[in-house]
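For reference, the chains in residue letters:
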Amino acid sequence: MWDYITERVIKEAEYIIETNSTVRAAAIHFSISKSTVHKDVTERLDEIDKNLFAAVREVLDKNLSERHIRGGMATKNKYLNCQQTD
């Protein structure tokens, strides 16, 4: 694997762990596609650093389990904002 890819993968993983962010938020932060971040932290990171991979996996699993709650809150806020502007 190329050095710049390895560095990018580690930076993404550290960012996700430090901020408990989603793959989408990490992609926006690093200005790369969501698919690239996902591949980096789910496939490439496992080959680079197993301990870092396990820590990222915990954050991603937590985000996955809370996804439906965040979606519901976003919808609720959307409709609350629509009612305020009317």
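Provided above is the structure to which this section pertains.
(A) Highlighting the pattern of salt bridges. Enumeration over the complete set of coordinates arrives at eight salt bridges. For the salt bridge of Glu12 with Arg8, the shortest nitrogen-to-oxygen distance reads 3.5 Å. Placement of the pair is Glu12 and Arg8 together in helix 1 (residues 3–19), with a separation of four residues, close to one helical turn. According to the relative accessible area criterion, Glu12 is buried, its value standing at 0%. Assessed through its relative accessible area of 22%, Arg8 is described here as partly exposed. Here Asp61 makes a salt bridge to Arg57, at a shortest N to O gap of 3.2 Å. Here Arg57 and Asp61 lie together in helix 4 (residues 50–85), a separation of four residues that amounts to about one turn. For Arg57, a relative accessible area of 30% corresponds to the partly exposed category. One salt-bridge network, in which partners are shared between bridges, spans Arg8, Glu12, Asp40 and Arg44.

Reading the values: rules and limits
Residues numbered from 1 in each chain as written. Predicted model: local features only at pLDDT ≥ 70, side-chain atom pairs only at ≥ 80, totals over all residues. Heavy atoms only, no water. Salt bridge = Lys/Arg side-chain N within 4 Å of Asp/Glu carboxyl O. Helix = DSSP H or I, 4+ residues; strand = E, 2+ residues; numbered from the N terminus. Buried < 20%, exposed > 50% of the residue type's maximum accessible area, 1.4 Å probe, protein only.

Interpretation in functional terms is not warranted from these geometric data alone.
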